[in-house]
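Listed below, chain by chain, are the residues.
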Amino acid sequence: MSKPSGHKRSPQKQASAKSAPSSTETGAGPDQASMVKWSGWILLGITALVFLQARIKLLAIPLERDEGVFAYMGHWMLRGRELYTQMIDSKLPGLYAYYGLFTSLFGFNATGVHMGLLVANVVSAVALYYFARSMYNHLVAAIATSFFLFMVISPSMVGFAAHATQLLTPFLMLGILLFWNALRSGKKVTFLVAGLMIGIAFTIKQQAAIFGILLAIMWWPARLRWYKKPEGRLPILEWMLLGIGGLLPLACIVTYYGAVGHLDELYNWTVTQPFSLAGSYRDPKIKLFLNILPQVIDHFEAVWLLATAGLVFVFMSGYKRESAWFAVSCGILGVLSVIIGAAYYPHYFVLAIPGIAILAACALYWLSLKINKYGTVAAITIAAILLILSMRGNSDYFFRPNYAKIHFETYNRNMFPEMELIGKELGRRVPEGERIGILGSEPEILVAANRESCSRYLMIYAILTNPVLSPPMQEEFVQNIKDCYPEYIVFNPLSSSWAPGYDKLQFFLDFMPWVEEHYTAVGMAESFEDRPGVIVWDEALKNHRAQSNYQIIVLQRKDKIPPPPPEPVMPPPGSFIDIKPM
């Protein structure tokens, strides 16, 4: 086994420091050391190939609504639309800037979005490998990265979709890698860049903050004990630069929105509204967490069990104390970062995957030490078996993905594939520059159509859940649609696009008669449990008999927009009649 690289220490420290056993320390000769190296590369190479071909085949899978709102806001943000005033959602600007970048590079569509996801996953995996190799050894790095690649793309993590947790991971892993490299090299600028990476991750999704806090805490034992400066002084400037880098992205955002006079809007939509929405959930948070956990670990139960064992075995494998404690911290805090969120969804657990993968790999490494001569073969074989088992029942997902089936199994009848087809058709019907009305939370339609929304409320949950804040927003939403008076409106009557009981709210009851007066149905999509959905348009709709309660309705304006009233014609000078008083 290869010994991890580390910072050069004093003779006393070098004599007492524990590190991963090298191939010579375990009695392995050059041939076995070569086998360790190549077996790890073979496992990682095969895993990477399976991952890449699966990710490529999933590139064109239709966007779901979260991806839709991120792509829409990122695209139009780069074209001059203002966040939190002209377009509203609850994430910090880093996520939308990220989406805007790779939809500009790869295309404003599902494939462009998922190309950005592919890049993010590859960068994350490379950073994870180099971090694990430097802190542990090549075998642990190869196994951990293999586990990571399969877990991050798996349907149990909703791995086909470009959620914020997937996209912040490369910045998170680069920040962690640079932090430990900075401790070894003592380069102050590296601390600044490490903090900057974590800060950028925070602007993509706030849960990344917990890892920034971890690094800030880890710096103290690192400099007081593990990587103590030979001269004995505490280089506090390093810690300050780490913090400055971490706070800089958020400080830039706050400064910008303060300068343009929209700081209140930024705070309202990224802090106040998410907490308000979180408070609307009826079940206790612990119940929500426990309900989602079985879905998260599905097909990877053995890896999670290995990671649990790794919490102990990592201290029994000869690693340096900092390596062992950081693996434990990453695993535990990765799960805790999920708990501090406003709600729980499977993709939130992506932040826990690097720590879980490292702990599971460390457990297999401990087993390889106990087996000794054939330990490496045993560890690689077990890892390969677990990866193969993770695909049981999911081989079509990895090799022959059916987009409609994947969406149905993940989101039930949210009808995202049908939404994309509706959007593409409206893109052909609606002239460029005109807008589309959406009744519901379906911004992915706007992405497929490449058209703007009539309302700034793209995800309308916030206008439904707060008895104090919601009514003014409901009035604004209705007025947006009326003022826009678009040729087409898409109405999703399913509660998943609104909120349970939305159809009993007074604003909705008052608004729908206006819609029925001015619009008529010209398209319908239906979803079925036992067969593919259907979409019918125009004349075909007149003879179509609905067979499902799961429908999306496309409405067209009954009449053309009435011309504006003529301007009053002023008589030319001298044509006034001078009327003298009687």
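Just so we're clear, the structure is a prediction, and the values are computed from it rather than from any experiment.

### Brief notes about the overall build of the protein chain
In terms of regular secondary structure, the protein chain is built from 24 helices and 6 strands. Contacts in the protein chain between residues at least 24 apart in sequence constitute 74% of all its contacts with a sequence separation of at least 6. Carbon and sulfur atoms make up 63% of the accessible area of the protein chain, which totals about 26,100 Å².

### Regarding empty space enclosed by the protein
Inspection of the entire model under this criterion finds 2 cavities of 30 Å³ or more. Computed from the structure, the largest cavity encloses a volume of approximately 40 Å³. Of the residues in the lining of the largest cavity, the class split is 6 nonpolar, 3 polar and 1 charged. Counted as a void, the second largest cavity has a volume near 30 Å³.

### A closer look at the environment of Ala 546
Among the secondary structure elements, Ala 546 is positioned in the loop between helix H24 (538–542) and strand S6 (551–557). You can call Ala 546 partly exposed: its relative accessible area is 45%.

### What to know about a nonpolar patch on the surface
On the surface, Trp 220, Leu 224, Leu 234, Ile 236, Leu 237, Trp 239, Met 240 and Ile 244 cluster together into a nonpolar patch covering about 690 Å² of accessible area. Those elements giving two or more residues to the nonpolar patch turn out to be helix H9 (209–226) and helix H10 (236–259). The dominant element in the nonpolar patch, judged by the number of residues it contributes, is H10, at 5 residues. Tracing the backbone shows Trp 239 in helix H10.

### Topic: the packing of aromatic side chains
Think of a pair of aromatic rings as described by two things: how far the centres are apart, and how the planes are tilted against each other in angle. Enumeration over the complete set of coordinates arrives at 38 aromatic pairs. Between Tyr 129 and Tyr 130, the aromatic rings sit 5.4 Å apart at their centres with planes inclined by 80°, giving edge-to-face as the arrangement. Lying across the ring of Tyr 485, Arg 557 places its NZ or CZ 5.2 Å from the centre.

### Description of helix H15 (residues 353–371)
Along its 19 residues, H15 runs 27 Å from first to last C-alpha, staying within 8% of the 27 Å computed at 1.5 Å per residue. Most of H15 is tucked away, with 15 of its 19 residues classed as buried. Backbone geometry just after H15 places Asn 372 at a positive phi near 70°.

### Quick word on the pairing of strand S4 (residues 519–526)
Each regular strand carries side chains that alternate between the two faces of the sheet. Most of S4 is tucked away, with 6 of its 8 residues classed as buried. Strand direction decides the pairing type here: S4 and S6, joined by 7 bridges, are antiparallel. Across the sheet, the residue bridging to Ala 521 is Leu 555, located in S6.

### Looking at the sheet that holds strand S3 (residues 488–491)
Pairing within the open sheet is mixed, and its 6 strands lie in the order S2-S1-S3-S6-S4-S5. The outermost strands of the open sheet, each flanked by one partner alone, are strand S2 (452–453) and strand S5 (534–537). Direction of pairing for S4 relative to S5: antiparallel, over a ladder of 4 bridges. When the sheet's bridge partners are listed, Ala 525 is paired in S5 with Ile 535. Relative to S4, helix H23 (residues 506–518) is tilted by about 105°, and along the sheet it contacts strand S1 (435–439), S3, S4 and S6.

### Thoughts on the confidence of the model for the protein chain
Taken residue by residue, the protein chain gives an average pLDDT of 89. The fraction at 70 or more is 89%. A low-confidence stretch, residues 1–27 stays under pLDDT 50, and its non-local contacts, those more than four residues away or across chains, total 61 contacts. Segment residues 569–582: pLDDT under 50, and 1 contact once partners within four positions in sequence are set aside and those in other chains are kept.

What counts and what doesn't
- Residues numbered from 1 in each chain as written.
- Predicted model: local features only at pLDDT ≥ 70, side-chain atom pairs only at ≥ 80, totals over all residues.
- Heavy atoms only, no water.
- Helix = DSSP H or I, 4+ residues; strand = E, 2+ residues; numbered from the N terminus.
- Contact = heavy atoms within 4.5 Å.
- Areas by Shrake-Rupley, 256 points an atom, 1.4 Å probe, with all protein chains shown as cover.
- 1 Å grid on protein atoms, 1.4 Å probe; cavity = no way out; pocket = protein on both sides within 12 Å on 5 of 7 lines; lining within 4 Å.
- Points joined across faces, edges and corners; volume = space filled by probe spheres on them.
- Nonpolar A, V, L, I, M, F, W, Y, C, P; charged D, E, K, R; others polar.
- Buried < 20%, exposed > 50% of the residue type's maximum accessible area, 1.4 Å probe, protein only.
- Patch = residues over 30% accessible without salt bridge, like charges linked within 9 Å, V, L, I, M, F, W, Y side chains within 5 Å.
- Salt bridge = Lys/Arg side-chain N within 4 Å of Asp/Glu carboxyl O.
- Phe/Tyr/Trp six-rings, centres within 6.5 Å; stacked < 30°, edge-to-face > 60°.
- Lys NZ or Arg CZ within 6 Å of the ring centre and 35° of its normal.
- Expected span 1.5 Å × (residues − 1).
- Pairing = 2+ DSSP bridges.
- Axes fitted to C-alpha atoms, helices over the stretch in contact; angles between N-to-C directions.
- pLDDT = per-residue confidence, 0-100.

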